[in-house]
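# An overview of the molecular structure
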Amino acid sequence: IILCTLSFQTGVAAETLMGFKEANLYSVKIKTRIKYPFFEDSRNSRSGAGFLVDRERGWVVTNAHVTTRNPESISVKFKGNKRFDADLLYVDPYLDFAIVKIPKSEIPEKTTEAKLACNFNPSVGHPVGAFGHPFSLSFTGTRGIISGFYLKRGERKIQTDAAINKGNSGGPLIDLRSGSVIGINTSGYSKKKAEGIGFAIPINFACRILNLLRDGFDPSP
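My aim in this report is to walk through the structure given alongside it, one point at a time. Sequence order as written defines the numbering, with residues in each chain counted from 1. Only residues with pLDDT of at least 70 are given local features in this predicted model, and only at 80 or more are side-chain atom pairs given and counted; all residues enter the totals for whole chains, interfaces and linings. Hydrogens are left out, water is left out, and the side-chain values use all remaining heavy atoms of the structure.

Stacked, tilted and edge-to-face are the three classes assigned to paired rings of Phe, Tyr and Trp, where Trp is represented by its six-membered ring and a pair needs centres within 6.5 Å; plane angles under 30 degrees give stacked, over 60 edge-to-face, the rest tilted. Tallied over the full model, the rule gives five aromatic pairs. For the pair Tyr26 and Phe51, a centre-to-centre distance of 6.4 Å together with 65° between the ring planes defines the contact as edge-to-face. With a gap of 25 residues between them, Tyr26 in helix α1 (residues 2–26) and Phe51 in strand β2 (residues 45–54) connect regions that are remote in the sequence. A 1.4 Å probe rolled over the protein chains alone gives each residue an accessible area, and that area as a share of the maximum for its type sets the label: buried under 20%, exposed over 50%, partly exposed in between. A residue is classified by how much of its surface remains accessible, and Phe51, at 0% relative accessible area, is buried. Taken together, a centroid distance of 6.3 Å and an interplanar angle of 20° make the contact between Phe78 and Phe84 stacked. We note that Phe78, like Phe84, is buried. In this scheme, Lys NZ or Arg CZ marks a charge over a ring once it lies within 6 Å of the ring centre and within 35 degrees of the ring normal. Sitting over the face of the ring of Trp59, Arg57 holds its NZ or CZ atom 5.3 Å from the ring centroid. Lying across the ring of Phe149, Arg156 places its NZ or CZ 5.5 Å from the centre. Starting at the N terminus, helices and strands are each numbered in turn, a helix being any DSSP run of H or I of at least four residues and a strand any DSSP run of E of at least two.

This is how it looks when you write it as structure tokens:
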């Protein structure tokens, strides 16, 4: 029994290491400035995470509340590289989903695209990792499981106990068994009221939008 337990723990540790190692290559840090906000937004600066999904087109996905609908400027930074300007390509405030377009010339040579698990059917207890920049602690990973699913007013989100804090928004929720991205980290309950309750947008919603855009269709709801 002891040997089996040690073997399982070693396997989980190896999967976690690989998942976060890959995330370092496709994740970015995003900073947005808002001068003329829409009603739902405010005039300020904000930061979050994102990840590269299409190297050829320069597409990075993140949350709509990271980019807002009318940013004055957006800057993006890969790990170990300088910041550069980017443009907002698509935003869906209802899904809290956005696509940022970056210059292909600014993508580092060793950068990879995130593998999206578009057909993944998550189950409670599945090991996952959240990756992002909580409280400016850049390129940080936290580990947990899928705890459940949030279904309310037409919204569907993955619930996880992997720590999701300010700065994780827009980063990948990673399946630690395959290394694929299964969600986009978006929010968490206040630490004053709860512990270990965070949420991510299922990646299949993003896959559908990305496929429509690639085929030349408008995916706006």
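Here β2 lies mainly inside the structure; seven of its ten residues are buried. One requirement defines pairing of two strands: DSSP has to find at least two bridges between them. Inspection of the sheet shows strand β1 (residues 27–33) paired to β2 by seven bridges, in the antiparallel sense. Within β2, the position partnered with Thr32 by the bridge is Arg46. Summarising the sheet, β2 and strand β3 (residues 59–62) pair through three bridges and their orientation is antiparallel. Paired with Leu52 across the strands is Val60, a residue of β3. Counting the residues between successive antiparallel strands, the hairpin from β2 to β3 contains four residues, one of them, Gly58, with a positive phi of roughly 70°.

Looking now at the environment of Gly48. Structurally, Gly48 is set in strand β2. The contact rule is simple, with two residues in contact once any of their heavy atoms fall within 4.5 Å. With sequence-adjacent residues up to four places away left out, Gly48 is seen in contact with Val28, Lys29, Ile30, Val66, His133, Gly167 and Ser169.

Our focus in this paragraph is the layout of surface pockets. Buried and open spaces are told apart on a 1 Å grid over the protein atoms alone, a cavity being a set of points where a 1.4 Å probe fits but cannot get out and a pocket being an open set with protein on both sides within 12 Å along at least five of seven lines. Residues with an atom within 4 Å of a point are the lining residues. Grid points are joined across faces, edges and corners, and a volume is the space filled by probe spheres set on the points. The volume enclosed by the largest pocket comes to roughly 360 Å³. Contributing to the lining of the largest pocket are 19 residues, with Ser47, His65, Lys166, Gly167 and Ser169 lying nearest its centre. Among the secondary structure elements, those contributing two or more residues to the lining of the largest pocket are β2, α2 (64–67) and β11 (181–188). A per-element tally of the lining of the largest pocket places β2 first, with four residues.

Now for the pairing of strand β8 (residues 140–152). Where a strand is regular, its side chains alternate between the two sheet faces. Here strand β7 (residues 127–132) runs beside β8; their pairing, made up of six bridges, is antiparallel. Of the residues in β8, the one forming a bridge with Ala130 is Thr142. Direction of pairing for β8 relative to strand β9 (residues 155–160): antiparallel, over a ladder of six bridges. Looking across to β9, one finds that Lys152 is bridged to Glu155. Counting the residues between successive antiparallel strands, the hairpin from β8 to β9 contains two residues, one of them, Arg153, with a positive phi of roughly 50°.

Before going further, it helps to examine the nonpolar core. To define a nonpolar core, start from buried Ala, Val, Leu, Ile, Met, Phe, Trp, Tyr and Cys residues and group those joined through side-chain atoms within 4.5 Å. Phe51, Val61, Phe97, Ile99 and Ile184 are the most contacted members of the largest nonpolar core, which totals 23 residues. Looking at this core, the elements with two or more residues in it are α1, β2, β3, β6 (97–101), β11 and α3 (203–214). No other element matches α3, which puts five residues into this core. If near-sequence neighbours (up to four positions away) are discounted, Val61 is found in contact with Gly50, Phe51, Val53, Phe97, Ala98, Ile99, Gly170, Ile184 and Leu210. Counting residues in each nonpolar core, the second largest holds 13 residues, with Val28, Val76, Phe84 and Ile102 among its members.

Take the pattern of salt bridges next. What counts as a salt bridge is simple: a side-chain nitrogen of Lys or Arg found within 4 Å of a carboxyl oxygen of Asp or Glu. This model, assessed by the stated rule, comprises five salt bridges. Arg57 is the partner of Asp54 in a salt bridge, and the nearest nitrogen-oxygen pair spans 2.8 Å. Residue Asp54 is classed as buried on the basis of its relative accessible area of 5%. Residue class for Arg57 comes out partly exposed when judged on its relative accessible area of 34%. Between Glu56 and Lys104 there is a salt bridge, with its nearest N and O atoms 3.0 Å apart. Separated by 48 residues along the polypeptide, Glu56 in the loop between β2 and β3 and Lys104 in the loop between β6 and β7 bring together distant segments of the chain. Residue class for Glu56 comes out exposed when judged on its relative accessible area of 57%.

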